[in-house]
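Spelled out, the chains give:
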Amino acid sequence: MLCARRLGGFGAGLRVRWVSTSWSPVGAAFNVQPQGRRLDLFGERRGLFGVPELSAPEGFRVAQEKALRKTEQLVGRVCSAPPGPQTVLIFDELSDSLCRVADLADFVKIAHPEAAFREAAEEACRSIGAMVETYVCPSSRTMLGRGAPGLNTNVELYQSLQKLLADKKLVDSLDPETRRVAELFMFDFEISGIHLDREKRKRAVDLNVKILDLSSAFLMGTHFPSRIEKHLLPEHIRHHFELAGDHVLVDGLRAEVPDDLVREAAYKIFLYPNAGQLKCLEELLSNRDLLAKLVGYSTYSHRALQGTMAKNPETVMQFLEKLSDKLSERTIKDFEMIRGMKMKLNPQNSELMPWDPPYYSGVLRAERYNSEPSLYCPFFSLGACMEGLNILFNRLFGISLYVEQPAKGEVWCEDVRKLAVVHESEGLLGYIYCDFFQRADKPHQDCHFTIRGGRLKEDGDYQLPAVVLMLNLPCPAKDLPTLLTPGMMENLFHEMGHAMHSMLGRTRYQHVTGTRCPTDFAEVPSILMEYFANDYRVVHQFARHYQTGQSLPRNMVSRLCESKKVCAAADMQLQVFYAALDQIYHGKHPLRSSTTDILRDTQEKFYGLPYVPNTAWQLRFSHLVGYGAKYYSYLVSRAVASMVWRECFLRDPFNRAAGERYRREMLAHGGGKEPLLMVQGMLQKCPSIDDFVNALVSDLDLDFETFLMDSK
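So, here is what we can say about the structure in this document.

Thresholds applied
- Residues numbered from 1 in each chain as written.
- Predicted model: local features only at pLDDT ≥ 70, side-chain atom pairs only at ≥ 80, totals over all residues.
- Heavy atoms only, no water.
- Helix = DSSP H or I, 4+ residues; strand = E, 2+ residues; numbered from the N terminus.
- Expected span 1.5 Å × (residues − 1).
- Buried < 20%, exposed > 50% of the residue type's maximum accessible area, 1.4 Å probe, protein only.
- Arc of directions from axis to C-beta.
- Contact = heavy atoms within 4.5 Å.
- Pairing = 2+ DSSP bridges.
- Axes fitted to C-alpha atoms, helices over the stretch in contact; angles between N-to-C directions.

The next subject is helix 2 (residues 59-80). Given a rise of 1.5 Å per residue, 22 residues ought to cover 32 Å, and the 32 Å separating the end C-alpha atoms of helix 2 matches this to within 8%. Residues G59, F60, A63, Q64, A67, L68, T71, L74, V75 and V78 constitute the buried set of helix 2. One face of helix 2 carries all of its buried residues, which in axial projection span an arc of 165 degrees. Helix 2 presents E72, Q73 and S80 as exposed residues on the side facing more than 90 degrees away from its buried surface. Buried residues belonging to helix 2 abut helix 3 (85-111), helix 4 (115-132) and helix 5 (155-166).

Within a beta sheet, neighbouring strands are joined by backbone hydrogen bonds and run either parallel or antiparallel to one another. Reading across the sheet, the 3 strands line up as 4-6-5 and stay open at both edges, with antiparallel pairing between neighbours. The sheet is open, and its two borders are formed by strand 4 (226-229) and strand 5 (242-244), each paired with just one other strand. Taking the axes of each pair of neighbouring strands and ignoring which way they run, one obtains an average angle of 35 degrees across the sheet. As judged from the 3 bridges shared by strand 5 and strand 6 (residues 247-250), these two strands associate in the antiparallel manner. The partner of L243 across the bridge, within strand 6, is V248.

For the rest of this paragraph, the subject is the environment of L184. The residue L184 is located in helix 7 (residues 176-190) in this model. Under the relative-accessibility criterion, L184 is labelled buried at 16%. On a C-alpha basis, the gap between L184 and G671 in space is 9.8 Å, while along the polypeptide they are 487 residues apart.

Each neighbour pair has its own omega, and for H589 with P590 the value is 0 degrees, a cis peptide bond. Secondary-structure assignment places P590 in the loop between helix 21 (568-585) and helix 22 (595-606). Even without being glycine, F49 reaches a positive phi, approximately 55 degrees. Locating F49 in the fold gives a position in the loop between helix 1 (26-29) and helix 2.

As structure tokens, then:
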């Protein structure tokens, strides 16, 4: 059933959608095995995500050709129309027509269980990229494509936007969101060099192509296992690694293995310098610097931080250095604790090394707080956790989650659940596809994918957002639901924070919808959800033993929260080191020394544990590709989330007025408003660097139980 009416507030001017024919409660649906698709035997096959063309792999070619035809029409329209607000609308529709294929294909090429679909999606990404050349798809802000001149070297297209922004009277007549989106489109053009002369523009295109190739090669190299002759490893530890004839393959650091020798061997072998990977990284950093200088920036970091909360690398380094100073004493104490535990368990070799903290801090947590994850799992069935999210969203935003039966062919695996996100007065807000369970060849990562961005269409309808949340949880059995560890539960809340950002980002333009915002703001909603996941008042609403129905005891939640503070300063110090290294690599070039020498010096300054000779951790630093010059974003986002939590939700995590304010000031705008203005609106102040630093450090000391007693 569908009905429509006009609303004030968030839904002002939008038609309200209600779809009630196949909704069911969310909790129970996630605690049972999928029973197959009802009524699908003779139903019409709809295609992936309801896109009719995608009922078969060949449909990707049809979808991309359809998108490219529409693109050509829109380019013609925008180039012939006089400059005005309509210019921005057409640009956004142009972006939407491409991203609806590219974003969907980006997900399918890594997650679909059928090789034919993955290959067709990969080809669609290449084809769209070739059309766009170096067009920036806003969902990822990563460069797509290569080759012949395309949209980002279409001077006429660029000039149509330039005419709008050069006319002060026209610019002043634009509403703030439209003006910001126009400026973002212009920025995307200019960082690709379209404003340069023809020769330099070609140089920028070539550099973008080379950077894309180097990024792909480096990313692959970060995961590639190291090989060592079998006889070089002591026989009693070889079984910890994969054997390949006369060689041993080491594909990770084995950080949780109790045997010190295994961890040491894994560290030294996995991080041993690879000449090809080293050359790839050096060329990647050098070419990024060349491109930044070509398009008018002094460093790649200055280019990458344009439009972020931090604004420039000088501010980032000031933040990191202040945070490092504040953490210093706490970090030293953490290392002393870890060293003491190592001495207790291995008195013959008590020197603290970089491969030690993850393991021994875990031992300390278990010994002090008895927070073994298996004790918590029976209370965290997936269905219970989903019902907990439903309760939280309902009380904060008036939103309910319902399971909707997908059409035949709409999902790529039968255990994918489709959630309808429904507001109590605004109706259907969008869809979340929950790809939660392990399967062969599925990437081992928890992440959020935008499939379709929300936007206001020309006919007055709102294009509903659709996203995928991908986790890697164990499948439910016949008599056993999926049981989550505390870490899995927290990850679920984190990723659902991204999804709610996408659902509640009611922007006019898809270019800035939901998570399409600066990187150092994009993680705020997801990290804020971690605070809710660690609050007893929230956990008490849903954590029930799947067999007995017993509530999770409060003291268990307290122990779990306290255990997370063990060695937390050392963990944060490690993140500061990574962020500082990222800034230096993307700072002034030529670099003052080799990337390995810089690693050693930065590690000694910002971390404190000794550099291990003949290792090159930077060659495994995959975030240098997707988060180049922006790794600091995790820390800044956590600081903002901490401030929002303390200011708005610490006293009452279900405060509806605070939830509505959070939606109005932060979530609703997506990337359509300056991020620092959103934070300022929420906190009623503009936070300083010291505020960011103090928020992070204060989290290390907050005693929640004491707070609750004091506030009564």
